[in-house]
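Descriptive analysis of the structure
Take a look at the letters that make up each chain.
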Amino acid sequence: MTAAILVSIFMTLAAAATPILLAALGELVTEKAGVLNLGVEGMMLCGAVAGFAVAYSTGSVALGLIAATLAGVAAAMIFALLTLGLGSNQVATGLALTIFGIGASSLIGAGFVGRTITRLGPLFPADYAAHPWLRLVFGHDAIVYLSLALVLAVSLFLRRTRAGLILRAVGENADSAHAIGYRVLAIRTAATAFGGALAGLGGAYFSLALTPMWADRLTAGRGWIALALVVFAAWKPGRLLIGAYLFGAVATFELQAKAAGWSFIAPEVLAMTPYLATIVVLTMMSLGRRTGGRDAPACLGKPFPAS
Amino acid sequence: MFEWRRRREPSKAMLYLSPLIAIGLTMLTGMLVFGAIGYDGLRAVTAIFVTPLIEPQRWADLGVKAAPLIMIALGLAIGFRANVWNIGAEGQYVMGAIAGTGVALLTHDMTGWWILPAMALAGIAGGAAWAALPALLKVRLQVSEILTSLMLTYVAVQFLYYLVRGPWKDPDGFNFPQTKMFSTSQTLPAVAEGSLVHVGVPLAVVLALVAWFVLSKTVAGYAVRVVGRAPAAARHGGFDANRVTWSVLLAGGGLAGLAGLLEAAGPFGQLTPQFPVGYGFTAIIVAFLGRLSPVGIVFAALVLAVTYVGGEIAQSTVRLPSAATGMFQALLLFFLLATDVLVRWRLAFRARPA
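Figured I'd write up the structure that's included with this text. Residue numbers restart at each chain and count upward from 1, following the sequence in its written direction. Here every chain gets a letter starting at A, and every ligand a number starting at 1, in the order they are written. Under the rules for a predicted model, residues below a pLDDT of 70 receive no local features and side-chain atom pairs below 80 are neither given nor counted, while totals for whole chains, interfaces and linings still include all residues. Heavy atoms from the whole structure form the basis of all side-chain values; hydrogens and water molecules are not counted.

1. So, the overall build of chain A
This is how the line gets drawn: Segments assigned H or I by DSSP are reported as helices when at least four residues long, segments assigned E as strands when at least two residues long, and all are numbered from the N terminus. Each radius of gyration reported is based on C-alpha atoms, and the globular scaling rule is 2.2 Å times the count of residues to the power 0.38. Burial classes: relative accessible area under 20% of the type maximum marks a residue as buried, over 50% as exposed, and values in between as partly exposed (1.4 Å probe, protein chains only). In what follows, a contact means two residues having at least one pair of non-hydrogen atoms within 4.5 Å. What sets the accessible areas is the Shrake-Rupley method with a 1.4 Å probe; for residues, cover comes only from the shown protein chains. When charges are counted, Lys and Arg are positive and Asp and Glu negative, with His and the chain ends excluded. For this purpose, a charge sits on NZ of Lys, CZ of Arg, CG of Asp or CD of Glu.
When you go through chain A residue by residue, the secondary structure sums to twelve helices and zero strands. Written out in order from the N terminus, the α and β elements of chain A read α-α-α-α-α-α-α-α-α-α-α-α. At 19 Å, chain A has a C-alpha radius of gyration in line with the 19 Å of a compact globule built from 307 residues. Dimensions of chain A along its principal axes, counting C-alpha atoms only, are 60 × 45 × 40 Å. The buried share among the 307 residues of chain A stands at 53%. Of all intrachain contacts in chain A linking residues separated by at least 6 positions in sequence, the fraction that spans at least 24 positions is 77%. In the structure as shown, chain A presents an accessible area of about 12,500 Å², 69% of it carried by carbon and sulfur atoms. When the 19 positive and 11 negative side-chain charges of chain A are each reduced to one mean point, those points stand 8 Å apart.

Below, the structure written as structure tokens:
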């Protein structure tokens, strides 16, 4: 009985953590290449609406997920064109991308408000997860497993492969990387595209798995929390995983408290918790970093070539 | 063949021309996009960008919508110049309105000339207080003001929901989540009898002039620019970057808070859950379109006000969804950032191979 409840709480937690983990992991790779894309929220919304539109019209959640990934890449390429191609300010362009994503998703989604689809189901057949504890291992949907595999893959890629080393070099010292002969802008474009793909996929997790219906701005600022998570994780994939699941715990607490009908805390106060928790965590991170260490890639947000 | 050549100096002409080019490109793209998805593209773009300007009965509405955009964008622009990225103006706007409404509810049975100024001061204080936390965290702990100010926007909006559904709900309001209507002493007077234009509109223009004076004629304004453009030189020159961060965030928060209070005491006349309409985010576009200059911001705010008013017109005439307005505004910012390249580079005709 209690086991079943605990397992069910953890399942909610993993589901809440997954979209943020995906978006943050993509942004981590982008930032490691020296590009600060503040448009995560916008790319997530593009993915969310594209995924929903395709899944609704074709009846296939898988096609929806693919469309969402592509939509995220497309949005990221607008950002890349402006910042890397035309040298525009990365902060301003990222904000523009978010405003664009809000507008575009709301415009495209206008015809889908209130429509529902069959949500993304567990990857494994139900009898694998007959026992509650086995549900912890076999009860998730494909995206949860994919996100965990991607954490491992990105971690290995950045630390153990030559390509990962080059990507980090471009983010740490673009001029030197250029002098050795690496194509800084091409590498940064690829890293930005990867960030867009994962943000799009993370956004679609909202519209295809968490709440299988369309509502305006349904990512509710999670893209910004993903950005904060990258700072919290000190640009390390392993810590990103911990951070995302901690965030999932906060979100699950909010849901559980609402479901349990705790009347001594207003629902609005509960709805504030993820955002307040993010501020608290960012503050604690800074307190802990007082020793003088530096975590961010040295060229983060700086244009190349320098203007 | 054409090629890009870097200009020796940024082009002054392009600095002013590129916003106009961006507006033109936005209209063109909008026409094509909305044409492609089955609307009358030309009529849609005309309704959004032209009708509000040529129909005099819309002008009052333009002023009313431009006023909060001007005030918020002024505060943001001062910050952006100092490389301080306050993007939580929407939250400061809401907190300003909440603080001012607090005074309004306390003074509901009173009359007097002092009530509105007291509400305005509370509005400024509310907005500034909401910006003070990002300032403190930025100055003391180097926490990114981008993230903290934005997170606080979500908190402010939830706080507003809590108040209008709970303690501040009008007991005679048929259980609607809204506060009491403000009394006559708490409502902004119109500039002329029967006009929709409230005193906040001329005030916004006056504030733009004040901001222009402070930024270009005073040492404080100089400090803001130096800290933003050349932090190392600013240190040598004895300018305190932390003080600049504090000042620009408090000023930005105060202006956004004042804008929020004026909106509450003007067009709304009360607080409702529909109060946050996104002016705090649109003001980011205004600040950039206005080239971060106070005078430019007044014109840019008018352009964005045109898209709001025109968007409403297009909803009824071309049945364009309301979300289209946001799309046009975002497109405008994209094109502006893209055409910015013309300020530093020029497209040259290559006569012979280089």
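Here the narrative resumes.
2. With respect to helix H11 (residues 237-259) of chain A
At 3.6 residues per turn, the α-helix brings residues three or four places apart onto the same side. Residues and elements named next belong to chain A. Definition in use: Multiplying one less than the number of residues by 1.5 Å gives the expected span of a helix.
Compared with an ideal rise of 1.5 Å per residue, which puts 23 residues at 33 Å, H11 spans 33 Å between its outermost C-alpha atoms and is within 8% of the ideal. If you follow the buried residues of H11, they end up packed against helix H1 (2-32), helix H6 (142-160), helix H10 (222-232) and helix H12 (267-288). Just past H11, the residue Gly261 takes up positive phi, approximately 70°.

3. Quick notes on the packing of H1 of chain A against H10 of chain A
When two helices pack together, their arrangement is given by the angle between the helix axes and the distance between those axes. Residue and element names in this part refer to chain A. So the rule is basically this: Throughout, an axis means a line fitted to C-alpha atoms (over the contacting stretch in the case of helices), and angles, computed between N-to-C directions, take values from 0 to 180 degrees. Should an angle fall under 35 degrees it is called roughly parallel, over 145 degrees roughly antiparallel, and 65 to 115 degrees roughly perpendicular, with every other angle called oblique. We call a crossing left-handed when the near helix sits turned anticlockwise from the far one by less than a right angle, and right-handed when that turn is clockwise. Polar here means any residue outside two lists: the nonpolar Ala, Val, Leu, Ile, Met, Phe, Trp, Tyr, Cys and Pro, and the charged Asp, Glu, Lys and Arg; Gly therefore counts as polar.
One can describe the packing of H1 onto H10 by two numbers: an axis separation of 8 Å at closest approach and a directional angle of 55°. Between H1 and H10, the interaxial angle falls into the category oblique. When you trace H1 past H10, the crossing you get is right-handed. Facing Ile20, Ala23, Ala24, Glu27, Leu28 and Glu31 of H1, the residues of H10 in contact are Arg222, Ala226, Leu227, Leu229 and Val230. Split by residue class, the contact of H1 with H10 holds eight nonpolar, no polar and three charged.

4. Some details on the nonpolar core
Put simply, the test is: What we call a nonpolar core is a set of buried Ala, Val, Leu, Ile, Met, Phe, Trp, Tyr and Cys residues that are connected through their side-chain atoms within 4.5 Å.
Formed by 189 residues in total, the largest nonpolar core has its most connected members in Trp224 and Leu240 of chain A together with Ile72, Met119 and Phe288 of chain B. Once you skip the residues sitting within four places of it in the chain, Phe288 of chain B turns out to touch Ala92 of chain A together with Phe80, Trp85, Leu333 and Leu336 of chain B. Of all hydrophobic cores here, the second largest spans 13 residues; its members include Leu215, Val224, Val248 and Leu249 of chain B.

5. As for a nonpolar patch on the surface
Residue and element names in this part refer to chain B. The following threshold applies: Each patch is built from residues that are more than 30% exposed by relative accessible area and take part in no salt bridge. Like charges join if they lie within 9 Å; nonpolar side chains (Val, Leu, Ile, Met, Phe, Trp, Tyr) join within 5 Å. A pair is scored as a salt bridge if a Lys or Arg side-chain nitrogen falls within 4 Å of a carboxyl oxygen belonging to Asp or Glu.
A cluster of nonpolar side chains, contributed by Leu203, Val206, Val210, Trp212, Phe213, Val214, Val295 and Phe299, occupies part of the molecular surface with about 710 Å² of accessible area. Counting residues per element, the ones that place at least two in the nonpolar patch are helix H8 (200-217) and helix H13 (294-317). Looking at the nonpolar patch, the element that brings in the most residues is H8, giving six residues. The class of Val206 is partly exposed, set by a relative accessible area of 46%.

6. Quick notes on the layout of surface pockets
This is how it is decided: Of the two site types, the cavity is a set of points on a 1 Å grid over the protein atoms alone where a 1.4 Å probe fits but cannot get out, and the pocket is an open set with protein on both sides within 12 Å along at least five of seven lines, each lined by residues with an atom within 4 Å of a point. Grid points are joined across faces, edges and corners, and a volume is the space filled by probe spheres set on the points.
In this structure, the second largest pocket occupies an estimated 1,300 Å³ of space. By residue class, the composition of the lining of the second largest pocket is 25 nonpolar, 14 polar and eight charged.

7. Quick notes on H10 of chain A
Counting buried residues in H10 of chain A gives ten out of eleven residues, a clear majority hidden from the surface. Looking one or two residues past H10 of chain A, Ala234 of chain A carries a phi angle of roughly 50°, positive in sign.

8. Brief notes about the packing of helix H2 (residues 40-58) of chain A against H10 of chain A
All names here are of chain A. Two elements in contact, H2 and H10, have axes whose closest approach is 7 Å; the angle formed by their N-to-C orientations is 130°. Relative to H10, the element H2 lies oblique. The interaxial crossing formed by H2 with H10 has right-handed handedness. Facing H2, whose interface residues are Val40, Glu41 and Met44, H10 presents Arg222, Gly223, Trp224, Ala226 and Leu227. Considering only residue class, the contact of H2 with H10 consists of five nonpolar, one polar and two charged.

9. Considering the pattern of salt bridges
Residue and element names in this part refer to chain B. Summed over the entire model, instances satisfying the criterion amount to six salt bridges over all chains. Between Lys65 and Glu312 there is a salt bridge, with its nearest N and O atoms 3.6 Å apart. Taken together, the residues Lys65 in helix H4 (residues 59-81) and Glu312 in helix H13 connect sequence positions 247 residues apart. Note on Glu312: relative accessible area 41%, which makes it partly exposed. The network of salt bridges with shared partners includes Asp61, Lys65 and Glu312.

10. A word on empty space enclosed by the protein
All names here are of chain B. In total, this model carries one cavity of 30 Å³ or more according to the counting rule given. Here the largest cavity defines a volume of roughly 40 Å³. In terms of lining residues, the largest cavity is bounded by Ala67, Pro68, Met71, His198, Ala259, Leu262 and Glu263. Put simply, the parts of the chain that give the lining of the largest cavity at least two residues each are H4 and helix H11 (241-268). Here the residues of the lining of the largest cavity sort into five nonpolar, one polar and one charged.

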